[in-house]
Amino acid sequence: MAIEHAYKKLKEISLEEFILPGTSTCGGCGGLEALRLAHKVLGKNVVFVNAAGCFTLLALFPFSPFKGSWLYTTMASAPAGAQGIRDALDLLIARGALSIEEDLQVIVLAGDGASYDIGLASTSGAIYRNLDFWYFCYDNEAYGNTGVQMSSATPYAARTTTTPAAVLTPEGTELPKKDLFEIWRAHCPPYLATVSPRHPLDLARKFEKAKAFKGPKLFIAYSPCPTGWHYDPGQTPEIARLAVETGLWALKEAVHGEVAHTYIPKKLKSVEEYLQAQGRFAHLFHPVRQEAALRKIREAITQYWAPYLRTMQNAK
Amino acid sequence: MGPQREEMLTGNMAAAWGARLARAEYVPAYPITPQTEIVETLAQWFADGTMQGKFVTMDSEHSMLTAAGAAAATGVRVFTATSSQGLLYAFEVLYTVAGWRVPLVLVNVSRALASPITLEPDHNDVLAARDAGFLQIHCETCQEVLDSILMAYKIAEDPRVLLPVIVNLDGYYLSFTREPVAIPSAEEAAAFLPPYEPHHAFFKASRPLAQGIAVLGGFIYSYFRYQEQLAARNALAVHDEVAAEFARRFGRSYGPVEAYRLEDAEYALVMSNAFATKGKAAVDLFRQRGERVGLLRLRLLRPFPHEAVQAALRGKRAVAVLDQNLSVGQGGITYQEVAAALYHEPSRPLLLSCIGGLGGKEISAGEFEEVLELMKEAAATGQVPGPQLLYTEGEQTQMAHLLDIAGKEWG
Ligand SMILES: Cc1ncc(C[n+]2csc(CCOP(=O)(O)OP(=O)(O)O)c2C)c(N)n1
Ligand code: SF4
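This one's a predicted model, so the numbers in the text were calculated from it and none came from an experiment.

Procedures and definitions
Residues numbered from 1 in each chain as written. Chains lettered and ligands numbered in written order. Predicted model: local features only at pLDDT ≥ 70, side-chain atom pairs only at ≥ 80, totals over all residues. Heavy atoms only, no water. Near = heavy atom within 4 Å. Nonpolar A, V, L, I, M, F, W, Y, C, P; charged D, E, K, R; others polar. Axes fitted to C-alpha atoms, helices over the stretch in contact; angles between N-to-C directions. Helix = DSSP H or I, 4+ residues; strand = E, 2+ residues; numbered from the N terminus. Parallel < 35°, antiparallel > 145°, perpendicular 65-115°, else oblique. Contact = heavy atoms within 4.5 Å. Polar contact = N/O pair within 3.5 Å; in protein donor to acceptor, adjacent residues only side chain to side chain. Areas by Shrake-Rupley, 256 points an atom, 1.4 Å probe, with all protein chains shown as cover. Buried area = accessible area lost by both parts, 1.4 Å probe. Salt bridge = Lys/Arg side-chain N within 4 Å of Asp/Glu carboxyl O. Pairing = 2+ DSSP bridges. Domains from an automatic or database assignment.

### Remarks on the site of ligand 2
- In the vicinity of ligand 2, the contacting residues are A:Thr25, A:Cys26, A:Cys29, A:Cys54, A:Asn140, A:Cys225, A:Pro226 and A:Thr227.
- Classifying every residue of the shell around ligand 2 gives 5 nonpolar, 3 polar and no charged.

### Considerations on the packing of helix H3 (residues 61–74) of chain B against helix H5 (residues 91–99) of chain B
Residues and elements named next belong to chain B.
- Packing of H3 against H5 brings their axes to within 9 Å, and their N-to-C directions diverge by 10°. Classified by the angle between their axes, H3 and H5 sit roughly parallel to one another. Of H5, the residues touching H3 (which contributes His62, Leu65, Thr66 and Gly69) are Glu92, Val93, Leu94 and Val97.

### Topic: the packing of helix H11 (residues 306–313) of chain B against helix H12 (residues 333–342) of chain B
Residues and elements named next belong to chain B.
- Contact geometry for H11 and H12: axes closest at 9 Å, N-to-C directions at 80°. The orientation of H11 relative to H12 falls into the category roughly perpendicular. Between H11 and H12, the residues in contact are His306, Val309, Gln310 and Leu313 and Val338, Ala341 and Leu342, respectively.
- Here the residues of the contact of H11 with H12 sort into 5 nonpolar, 2 polar and no charged.

### Re the site of ligand 1
Residues and elements named next belong to chain A.
- Around ligand 1, the surrounding shell holds 17 residues, and the nearest of these are Cys54, Gly113, Tyr138, Gly144 and Asn145.
- Measuring from an oxygen atom of ligand 1, one finds a backbone N or O atom of Ala114 at 2.8 Å.
- One of the backbone nitrogen or oxygen atoms of Ala142 is found 2.9 Å away from an oxygen atom of ligand 1.
- When the free accessible area of ligand 1 is taken as 580 Å², the share hidden by the protein chains comes to 76%.
- Counting residues per element, the shell around ligand 1 draws most heavily on helix H3 (residues 112–118), which supplies 4 residues.
- A class-by-class count of the residues in the shell around ligand 1 yields 8 nonpolar, 7 polar and 2 charged.

### Here we look at the interface of chain B and chain A
- With 37 residues of chain B in contact, the opposing surface of chain A contributes 38 residues.
- Interface of chain B and chain A: buried area, both sides summed, is about 2900 Å²; carbon and sulfur atoms make up 66% of it.
- Ranking the residues of chain B by area buried against chain A places B:Phe203, B:Ala205 and B:Ile213 at the top, with a combined share of 19%.
- B:Asp59 is the partner of A:Arg129 in a salt bridge, and the nearest nitrogen-oxygen pair spans 2.9 Å.
- At the junction of chain B and chain A, the tally comes to 13 residue pairs in polar contact (both at pLDDT 80 or more).
- Counting residues per element, the ones that place at least two in the side of chain B that touches chain A are strand E3 (54–57), H3, H5, strand E9 (210–211) and helix H9 (218–250) of chain B.
- Looking at the side of chain B that touches chain A element by element, the count peaks at 7 residues for H3(B).
- Here the residues of the side of chain B that touches chain A are counted per class, giving 20 nonpolar, 11 polar and 6 charged.
- Direction of pairing for strand E2 (residues 69–72) of chain A relative to E9(B): parallel, over a ladder of 2 bridges.

### Examining the sheet that holds E9(B)
- The 9 strands lie next to each other as E8(A)-E7(A)-E5(A)-E6(A)-E4(A)-E3(A)-E1(A)-E2(A)-E9(B), forming an open sheet whose pairing is mixed. Both edges of this open sheet fall to strand E8 (258–263) of chain A together with E9 of chain B, since each of them pairs with a single strand only.
- Both strand E5 (residues 191–195) of chain A and strand E6 (residues 217–222) of chain A contribute to a ladder of 5 bridges, which runs parallel. Across the sheet, A:Tyr191 pairs through a bridge with A:Lys217, a residue of E6(A).
- Lying over the sheet, helix H6 (residues 200–210) of chain A contacts strand E4 (134–139), E5, E6, strand E7 (251–255) and E8 of chain A, oriented at roughly 165° with respect to E5(A).

### Section: the domain arrangement of chain B
Residue and element names in this part refer to chain B.
- When cut into domains, chain B gives domain 1 (4–250) and domain 2 (257–396).
- Between the C-alpha centres of domain 1 and domain 2 there is a distance of 28 Å.
- In this structure, the connection of domain 1 to domain 2 is made through 6 salt bridges.
- Between Glu144 and Arg297 there is a salt bridge; the shortest N-O distance is 3.0 Å.
- The interface formed by domain 1 and domain 2 includes 24 residue pairs in polar contact (both at pLDDT 80 or more).
- Elements with a minimum of two residues in the side of domain 1 that touches domain 2: helix H6 (124–128), strand E6 (135–138), helix H7 (142–157), strand E7 (165–170) and H9.
- When residues of the side of domain 1 that touches domain 2 are assigned to their parent elements, the largest contribution, 5 residues, is made by H9.
- In the side of domain 1 that touches domain 2, the residues fall into 13 nonpolar, 7 polar and 8 charged.

As structure tokens, then:
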């Protein structure tokens, strides 16, 4: 399949909206912005297969903001729902009951809790079966819809409602974020990428590129969440920019398991700027600076980027 | 009536034949004893081209039933099967897909639930699903399994119903027991069951549709739940129409309940599934010595056929509901349902509850005798005891021995 758009300039991104405004998501929801951009590349012929989360309330009887179709499943089995729809569409088309023009792209829409935790087995199954589907994980790094509890996507030292910063747990979340990218990559899907709403061209190019592949096309979207992360909704673009520039959120893809970074910051910004901008990390600075925790965060970033340091320095 | 060849089939094979003759196009599967033979058979038939469509092994029953519902919501005829732990593993999905109003058929091969983990049957698995929005047909024979699956699709796909159906058979006693089964021809089956062409469930580019959509507000939620209830109640009449057509075409007729030697009976047993055969044998023995005993077999558990139960038990002196299940802290599950059905009868029979056959435990001739004695005693005294837990002296001796080996005491 030829790549229709190179997405070299912002104006190449379609002006058509596929998700209409006026939904129940919070103002400044980074996940919705990432989805809005992705949808522009995917076009209108889609069916979302949704897992329980904030986005479940996007479609609320009798309204739906989507121009395409929708099926809410459960929290843990949206990929299996995608399997049923994909297989049924293929069967109907094969026996001539449905014309090929009626075909839809099947897209799982799930948060990080559904993706990293409860739905991991179902996703693993769908990838293993080489299901021809898209997976859009909006990663707001917590169980958002239920009030911001820790998920296995919550980063180390973030405060959530179930990992409070308290006397015995001063840093809040004690465990590091699970590496879903690597877990998915171990299945060797044809296409896998991370994206961010603050990098729309990178995002658009990746969705465009993925169209060429039959099989699982998997995306983890960095999804700043003003409500859960405690910052002003207007700051979403800046938070997203900092996440990438500090090296906390790596923009990358893996084609048949082969990893490539699509953006390597020239110089990593100080991670403290990112942390200080969000209430969920405030306890790292007040009432006392938690030096050890901050060092741990810095070290994790350095360790991740070490293999690419030369690239960074060369780029200087 | 068309040509029907007869073969010796296990209950599981009969279930597979039901799916095949119904031309199920999509079968998501997951193994569990004693159901597995069904999906193994179907896998073979899809693989050798006997059946057209797709068989897919899923990663769990939770995924399996989600895929099943989603495929049916897209417009294909779906069959799937499970047992016991598998059915419970899919529990939230039962309610979910019933709410999608997808007329798929799920065969449950009953097996008692852990703990303790075991393999042999009772009905706590299938009855746990009784409130989920699935209709339920419980079968006594292998023939009935095949026939009920064909009927189930026709009932489920009726625009007045549009609800999924569980067809239940007992593990081991039916799943692995061969009986002669008349197999309708593909043509006859097709004439009875036309293709599935839903108008309410589809996904296509030209007509975007949101299914399974969230609601906020009790009045919206209640509306959709009441619709399920009304549709399930419609299924009573639809069942009878479908059963009548089935009888015309295939010469076998099924009611929502089956009355066995009940007409002039003073005492009645109420049972379901394969052990009803044991109950009927006991009735025959009682009859031989002149006791007026009959049996009512519950077949359609959802929707519950209140009127048929009332009519069948009217005028009996005492009735014993023999439940092969246990609602811990309450007693027998179908006892409660029969009691509710009889409550408004002007002169209702005394109603006893007995629990037996848990985990495949035998119900012996002696236990049937005991049940009859209990009914007679109740009739004589007007006193009805609480739930009776059936257990024989022989079983007690054996169990005491095992406890001894385990270093525990009876109690
Ligand atoms: C089986 C099950 N367990 C728990 C829930 C409750 N629940 C609904 S939404 C949600 C949070 C989902 O978190 P995530 O996937 O991160 O998405 P987000 O809410 O952040 O959008 C939870 C736990 C559920 N719906 N189903
Ligand atoms: S809680 Fe966060 S992820 Fe959920 S809708 Fe609000 S901003 Fe978006």
